[in-house]
Structures are given as structure tokens and as C-alpha cells.
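Chain by chain, the residues run as shown.
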Amino acid sequence: MWSMWYDILLQAVMILGSIFMFLWMHDIPKKLFTELHRRRNSSKYEAKRRFVVAAQFLSQARSASDRSLAASAVEEADRAIALDPSDAASHILKAMALHFQGFNASAIDSLDAALSPLAVKSLSDEEKADALFKRAELRIETTRLGNKGKKKNRGEEMVVDGHDEALAAAGAEEDLVEAVKLRPGNAKAWCRLGECRKAKGMMDAAKEAFEAALKADPESKAARDGLDRLISS
């Protein structure tokens, strides 16, 4: 019984060895690797080309204030993403085009994809900081727009109350903290962080953030105004 199984196994090994030798003699593994590498490079090249087209559409959309061009930018960005989902730049460009059209929630989703483990490795520290800052701003803006819509429907003054500001701050603060760690010279991010902390009642921490903004940019009017509001409150 064992002898029969041994013979079968030996024959299988000999057949596999013969197949491997045949493939090796004809350079088939090398050819397969070369073809796979070529196709991968071709996909990346096409993804970059689609990205450039999307960027052109978005630039034209901004110049002409044309949302249809921004929609075309989203379509091209989607094509780039399908070809190379690990390139965060295409996700970020898509987020910018969606934001231009007023689709903030979808824009945040695209930034989430850009900052995901799959794509974030393609970003430098400064680029990652910028993406985090943009996502924080969108979260705050989305909350404020939602609050304005509710007040408008009630016929009340369209202002943001402290509760909604605190909710927005809770969602954005983490992004802003990481953003200023990666890029401490971003005065705008420090100012946003100061606003978030002020909305949460963290006055000392807010003061530190506005002071850091002034250190990064001594001419920052937003930072000076923020400090003035803290002193007068």
C-alpha cells in the first residue's frame, strides 16, 4: 500500500519537475513577470494621465464657476482611482471637485480614502497634514451648513450655536492635532484648532493654539482676532 503511494508521489514530482524545466528553458517565468510588470506600469501611467485630465477639468470649473466641469473632474478622478487606488492624490482631487459642487459628505468620504492605510503611504508628511486640515475644515463646514439650514427652516437667525460648534470641534480636533504635528508652520490649522478648543470650552488650550498660529505667521489676522475674542469673553 505504502509502496503504491510512494510510486504515485514520485511520478507526480517527476512530472512537476519536467514542467518546471520546460518553463524555465523557455524563459516563461521571466516573461510572465515582465508582462505583469509592464501592465502594472501601464495602469499607473494611465492613472496619472486621468489625474491630469481631472485636474484640468477642476481648474476650468473654478475659472468658469461651472459645476458640470467639476462633475467631469470627478468622473476622471474615479477612472484614475480604479486604475490605481493606492494613489492618494486622485482621492484628494476627487474630494476637491466634490466640495466645489457642494457635496461635502462625499468629499469627506474621498478624503477618508486618501488617508486610509492603502493610500496614505503615497503622501509626504506635508501632504498628509494638508489632507487632514482639509477634512477638518469640511467637517466643521458641514456641521455649520446643516445648522444654518435648520435655523432657516424655522425662520430664525442663521447663526451657529455653541452646541453645534462643539459637535463640529469634536470631529475635527483630532485631525487638526495630527495636522499641526506634521506641519507645525500651518498657521491656519493652528487657528482652526484654537476655534475648536474654544467651542469646547478649553480656553487655555485655545489660547496656546492661537499663540502657536502667531508664532507660525506673525501677520495672521485670524490668530490675533482669536486671541482678542478669548480675552473679551
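Quick caveat: nothing in here was measured; it's all calculated off a predicted structure.

What counts and what doesn't
Residues numbered from 1 in each chain as written. Predicted model: local features only at pLDDT ≥ 70, side-chain atom pairs only at ≥ 80, totals over all residues. Heavy atoms only, no water. Axes fitted to C-alpha atoms, helices over the stretch in contact; angles between N-to-C directions. Helix = DSSP H or I, 4+ residues; strand = E, 2+ residues; numbered from the N terminus. Parallel < 35°, antiparallel > 145°, perpendicular 65-115°, else oblique. Left-handed = near helix turned anticlockwise from the far one by under 90°. Contact = heavy atoms within 4.5 Å. pLDDT = per-residue confidence, 0-100. Buried < 20%, exposed > 50% of the residue type's maximum accessible area, 1.4 Å probe, protein only. Core = buried A, V, L, I, M, F, W, Y, C linked by side-chain atoms within 4.5 Å. Salt bridge = Lys/Arg side-chain N within 4 Å of Asp/Glu carboxyl O.

As a packed pair, helix α8 (residues 187-199) and helix α9 (residues 203-216) sit with axes 8 Å apart at the nearest point and diverge in direction by 165 degrees. Overall, the two elements α8 and α9 adopt an arrangement that is roughly antiparallel. In the crossing of α8 with α9, the sense of the turn from one axis to the other is left-handed. The residues of α9 that touch α8, namely those facing A187, W190, C191, L193, G194, E195, R197 and K198, are M203, A205, A206, A209, F210, A212, A213 and A216.

Among all residues save glycine, negative phi is the norm, and among peptide bonds the norm is trans. At S65, a residue that is not glycine, the phi angle is positive and equals roughly 50 degrees. Looking at the element boundaries, S65 is found in the loop between α2 (28-64) and α3 (67-83).

This part takes up the confidence of the model for the protein chain. This prediction gives the protein chain a mean pLDDT of 82; 71% of its residues lie at or above 70. Ranking the elements of the protein chain by mean pLDDT puts helix α1 (residues 2-25) last, at 55, and helix α4 (residues 88-100) first, at 97. Scored below 50 in pLDDT, residues 149-161 makes twelve contacts in the model with residues more than four places away or belonging to other chains.

By secondary structure assignment, the location of D87 is in the loop between α3 and α4. D87 sits in the buried class, given a relative accessible area of 10%. Discounting chain neighbours no more than four positions away, the residues touching D87 are K48 and S122.

Bringing the nonpolar core into the picture now. Generally speaking, a soluble globular protein has its nonpolar side chains buried in company with each other. Judged by nonpolar contacts, the single largest core of 24 residues is most densely connected at I92, L115 and L123. Among the secondary structure elements, those contributing two or more residues to this core are α2, α3, α4, α5 (104-114) and α6 (125-153). No other element matches α4, which puts six residues into this core. Setting aside anything within four residues of it in sequence, one finds I92 in contact with L111, A114, L123 and A131. V180, A187, A189 and L230 belong to the second largest nonpolar core, which has 21 residues in total.

Along the chain, F210 falls in helix α9. The class of F210 is buried, set by a relative accessible area of 1%. In contact with F210, other than residues within four places in its own chain, are C191, G194, E195, A222, A223, G226, L227 and L230.

Attention now goes to the pattern of salt bridges. Evaluated as defined, the whole model comprises 18 salt bridges. With a shortest N-O distance of 2.9 Å, R79 and E76 are connected by a salt bridge. With a gap of three residues between them, R79 and E76 both fall in helix α3, about one helical turn apart. Residue R79 is classed as partly exposed on the basis of its relative accessible area of 37%. With a closest N to O distance of 3.3 Å, R192 and E137 form a salt bridge. In this pair, R192 is assigned in helix α8 and E137 in helix α6, connecting sequence segments 55 residues apart.

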